Amino acid sequence: MRVLFVASELFPYVKTGGLGDVMAALPRAMRALGADVRILVPAYPAILNAVLVQGEVGYLPDIMGGGPAHILKAEADGLPLYLLDQPGHFNRKGLPYDYSEDLPRRFAALSFAAAHLGRVGDSEGWRPEVLHGHDWPTGLMPAYVAFGGGPRPATVMTIHNIAFQGRFSRTILPDLWLPPQAYTQEGVEYHGDIGFLKAGLRLADRISTVSPTYAKEIQHFGGHGLEGLLAHRSKDLRGILNGVDKTIWNPATDPHIQSRYDLRHPSRRPANRTDFQRRLGLQEDPAAPLFVSVGRLDPLKGLDLVLDNVDHLVHRGGQLVLIGSGDPHAEGAFRQAAQRHPGRVAVFIGYDEVLAHRAFAAADVVLVPSRQEPCGLTQLYAQVYGALPLVRRTGGLADTVVGATAETLANGTATGFMFDAASGWALGEALNSAFDLFADPAGWRQVQRQGMKADFSWAGPAQAYLDLYATIPPKGH
Ligand code: ADP
Ligand code: GLC
């Protein structure tokens, strides 16, 4: 099975969130199952300068006014890459998502190049049977396949986050190299505008999203306006959970942490906590449960609920570290909280991959209070690293954490803490449960071990994607 992934991010070169991690891990897991999965990404300078380019395998004199476009073949640690090398669109700072005027054209060009590869293949004769796009930047890819003529590969769209839809004025339609007949409800039209993600969800043969619960939510109340379309396509929609890449996220081998450990050597873990507390200017207090949050400061991540609880958390004897950036109000409020509680609350505003690894190895609790969370990776990394996730019951958080209750504690299945209402009060109650369990070291260790034992391997999800492709009837080419 020949599959071309198409995406705007790829760890470790370009990553703003979980999409980058998934794009690095999932194709490799599918290749391990025997599928010939490759990935097309823009030739951002950060990628071009880092990978081994093997040569040019395609050329288009122009795509959407961005000038000559070279399709380069490259390799990154065994993963075959196609790079869309179109300097007019992709050779500058601030990418991937700087909201400049050519944003829609840039990603339309990526989608166009993908459809081109699906139609004619590369110059070495490799042609994908499945084109698999991820998130709104690749939403027009199924439209270029549908309206482009020629052989039609199967198309699949995966929703990593439906809150970002790529909606633009209809006035740019001619710039996108789409024919006027594409502008219908069955095509790219979206409430009088053009909807990139909407087009992909309307036209792709199959749709997936990154957890079973989110797959249900987006058909009913959490689809940001696309509920009806998704309910209509529910037969073609699957929820497939993300996994954890154990070559990157593994406390037994992690080069970024102070002291490596595993289930059999838990006593080596606390050194990471002391190291982290020291680095962040926190008191080295072993009695204080350490709460950590790593992620984008976006209203959907629910960090305002944490802000409501900072004083409570400190008064109960806890410590808090926030690593993230985004909404300036939230950044300011967390900075103020740190000033109010020196030695107990620390804030790192920015993006730091190494610090994130250290945080998971140090934390007692990882907070993920999201209002919506398609899958979420930090609650998975928390469990792998022996931190207890404290999450809201939504999306992938509901599917990957077993909240502590009298019953789950008694039968040994609990892996973390879970609350329901998106309110500061409900989060506060979950924090109280965490403090109570922390006072019972044996009970805490049991929950910690259960999380560390959980299987978040990519092998199962990789097979589920291959199974999804197998449900698409052949196109007769
Ligand atoms: P999302 O994709 O919605 O941002 P996920 O939980 O799926 O959420 O993935 C977030 C990824 O980005 C994780 O790998 C997390 O460690 C990383 N991350 C987010 N913010 C930061 C940051 N400020 N510094 C380092 N890593 C971060
Ligand atoms: C998105 C979602 C996140 C998910 C990630 C990878 O950015 O917000 O929940 O884990 O994509 O699929």
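Only a predicted model underlies this, so the values are computations on that prediction, with no experimental measurement involved. (Residues numbered from 1 in each chain as written. Chains lettered and ligands numbered in written order. Predicted model: local features only at pLDDT ≥ 70, side-chain atom pairs only at ≥ 80, totals over all residues. Heavy atoms only, no water.)

Asks: Is there a simple way to explain the overall build of the protein chain in this structure?
Replies: Counting its secondary structure elements, the protein chain contains 19 helices and 18 strands. Computed over its C-alpha atoms, the radius of gyration of the protein chain comes to 23 Å, within 12% of the 23 Å expected for a compact globule of 477 residues. Based on the C-alpha atoms only, the size of the protein chain along its principal axes is roughly 65 × 45 × 40 Å. Considering the protein chain as a whole, with its 477 residues, one finds that 60% of them fall into the buried category. (Helix = DSSP H or I, 4+ residues; strand = E, 2+ residues; numbered from the N terminus. Rg over C-alpha atoms; globule rule 2.2 N^0.38 Å. Buried < 20%, exposed > 50% of the residue type's maximum accessible area, 1.4 Å probe, protein only.)

Asks: So what exactly am I meant to see when it comes to the site of ligand 1 here?
Replies: Every one of the 20 residues lining ligand 1 counts as a neighbour, but Gly-18, Asp-21, Arg-296, Lys-301 and Gly-350 are closest to it. At 2.7 Å from an oxygen atom of ligand 1 is found a side-chain nitrogen or oxygen belonging to Asp-21. Asp-352 places a main-chain nitrogen or oxygen 3.0 Å from a nitrogen atom of ligand 1. Computed on the free molecule, ligand 1 has an accessible area of 560 Å², of which 93% lies beneath the protein chains in the complex. Residue assignment for the shell around ligand 1 shows that the elements contributing at least two residues are helix H1 (18-32), strand S14 (319-324), helix H13 (353-362) and helix H14 (378-384). For the shell around ligand 1, the residue count by class is six nonpolar, seven polar and seven charged. Mapped onto the domain boundaries, the shell around ligand 1 takes at least three residues apiece from domain 1 (2-243 + 459-470) and domain 2 (266-453). (Near = heavy atom within 4 Å. Polar contact = N/O pair within 3.5 Å; in protein donor to acceptor, adjacent residues only side chain to side chain. Areas by Shrake-Rupley, 256 points an atom, 1.4 Å probe, with all protein chains shown as cover. Nonpolar A, V, L, I, M, F, W, Y, C, P; charged D, E, K, R; others polar. Domains from an automatic or database assignment.)

Asks: What exactly am I supposed to notice about the packing of aromatic side chains here?
Replies: The description of an aromatic ring pair rests on the distance of the ring centres and on the angle between the ring planes. Tallied over the full model, the rule gives 17 aromatic pairs. Pairing Trp-249 with Tyr-385 gives two aromatic rings, centres 6.2 Å apart and planes at 80°, and the pair type is edge-to-face. Pair noted here: Trp-249 is in the loop between strand S12 (237-239) and helix H9 (270-279) and Tyr-385 is in the loop between H14 and strand S17 (388-392), with a separation of 136 residues, a long-range link. Using a relative accessible area of 3% as the deciding quantity, one classes Trp-249 as buried. Residue classification places Tyr-385 among the buried residues on the basis of a relative accessible area of 0%. (Phe/Tyr/Trp six-rings, centres within 6.5 Å; stacked < 30°, edge-to-face > 60°.)

Asks: Just to check I follow, could you spell out the layout of surface pockets for this structure?
Replies: The gaps of empty space that remain are located by a probe, the size of a water molecule, rolled over the atoms. If you add up the space inside the largest pocket, you get close to 1,100 Å³. Residue lining of the largest pocket: 49 residues in total, with Thr-16, Gly-17, Gly-18, Arg-296 and Lys-301 positioned closest to the centre. Broken down by secondary-structure element, the contributors of at least two residues to the lining of the largest pocket are H1, strand S13 (290-294), S14, H13, strand S16 (365-368) and H14. Per-element tally for the lining of the largest pocket: the top contributor is H1, with four residues. When the residues that make up the lining of the largest pocket are grouped by side-chain class, the tally is 23 nonpolar, 15 polar and 11 charged. Residue assignment places the lining of the largest pocket across two domains, with domain 1 (2-243 + 459-470) and domain 2 (266-453) each supplying three or more. Each pocket or cavity is described by its volume, and for the second largest pocket that value is around 430 Å³. (1 Å grid on protein atoms, 1.4 Å probe; cavity = no way out; pocket = protein on both sides within 12 Å on 5 of 7 lines; lining within 4 Å. Points joined across faces, edges and corners; volume = space filled by probe spheres on them.)

Asks: Is there a simple way to think about the pattern of salt bridges in this case?
Replies: It is possible for side chains of opposite charge to pair when their charged atoms get near one another. Scanning the entire structure with this criterion turns up 23 salt bridges. Note that Arg-296 is salt-bridged to Asp-298, the shortest N-O span being 3.4 Å. On the basis of relative accessibility, which here comes to 30%, the residue Arg-296 falls in the partly exposed class. For Asp-298, a relative accessible area of 18% gives the class buried. In this structure, Asp-436 engages Arg-316 in a salt bridge whose closest nitrogen and oxygen atoms are separated by 3.3 Å. Of this pair, Asp-436 sits in helix H17 (residues 424-438) while Arg-316 sits in the loop between helix H11 (310-315) and S14, and the two are 120 residues apart along the sequence. Through salt bridges that share partners, Lys-15, Asp-21 and Glu-353 make up one connected network. (Salt bridge = Lys/Arg side-chain N within 4 Å of Asp/Glu carboxyl O.)

Asks: How should I be thinking about the pairing of S17 in this particular structure?
Replies: Successive side chains on a regular strand alternate, one facing one side of the sheet and the next facing the other. Of all the five residues making up S17, five are buried; the element is thus mostly covered by neighbouring parts of the structure. Where burial is concerned, the two faces of S17 agree: the one with Leu-388, Leu-390 and Arg-392 and the one with Pro-389 and Val-391 are both buried. Sheet topology note: the S16/S17 ladder contains four bridges and is parallel. Bridging across to S17, Leu-367 finds its partner in Leu-390. The parallel pair S16 and S17, bridged by H14, forms a crossover whose chirality is right-handed. (Pairing = 2+ DSSP bridges. Right-handed = clockwise from strand over helix to strand, strands pointing away.)

Asks: Would you explain the sheet that holds strand S9 (residues 189-190) in this entry?
Replies: Strand pairs in the sheet, formed through backbone hydrogen bonds, run parallel or antiparallel to each other. Pairing within the open sheet is antiparallel, and its three strands lie in the order S8-S10-S9. What marks the edges here is a single partner per strand, and that holds for strand S8 (167-168) and S9. With two bridges connecting them, S8 and strand S10 (residues 193-195) associate as antiparallel partners. Looking across to S10, one finds that Phe-168 is bridged to Ile-194. Across the face of the sheet, helix H6 (residues 196-203) comes into contact with S8, S9 and S10 while running at roughly 60° to S10. (Contact = heavy atoms within 4.5 Å. Axes fitted to C-alpha atoms, helices over the stretch in contact; angles between N-to-C directions.)

Asks: Explain the domain arrangement of the protein chain to me, please; I cannot follow it from the model alone.
Replies: How large an interface is tends to be reported as the accessible area lost when its parts come together. The domains assigned to the protein chain are domain 1 (2-243 + 459-470) and domain 2 (266-453). Here domain 1 and domain 2 have C-alpha centroids that lie 33 Å from each other. On the domain 2 side, the residues contacting the 21 residues of domain 1 number 18 residues. Of the roughly 1,400 Å² buried between domain 1 and domain 2, counting both surfaces, carbon and sulfur atoms make up 55%. When the shortest N-O distance is used, the salt bridge between Glu-353 and Lys-15 registers 3.0 Å. Summed over the shared surface of domain 1 and domain 2, the result is 10 residue pairs in polar contact (both at pLDDT 80 or more). Listing elements by their share of the side of domain 1 that touches domain 2, those giving two or more residues are H1 and helix H7 (212-220). Here the side of domain 1 that touches domain 2 takes four residues from H7, the largest share from any one element. Among the residues forming the side of domain 1 that touches domain 2, the class breakdown is eight nonpolar, 10 polar and three charged. (Buried area = accessible area lost by both parts, 1.4 Å probe.)

Asks: I tried to follow the pairing of S16 on my own but got confused; where do I start?
Replies: Along S16, one buried face is formed by Val-365 and Leu-367 and the opposite face, lined by Val-366 and Val-368, is buried too. With two bridges connecting them, S13 and S16 associate as parallel partners. Within S16, the position partnered with Val-292 by the bridge is Val-366.

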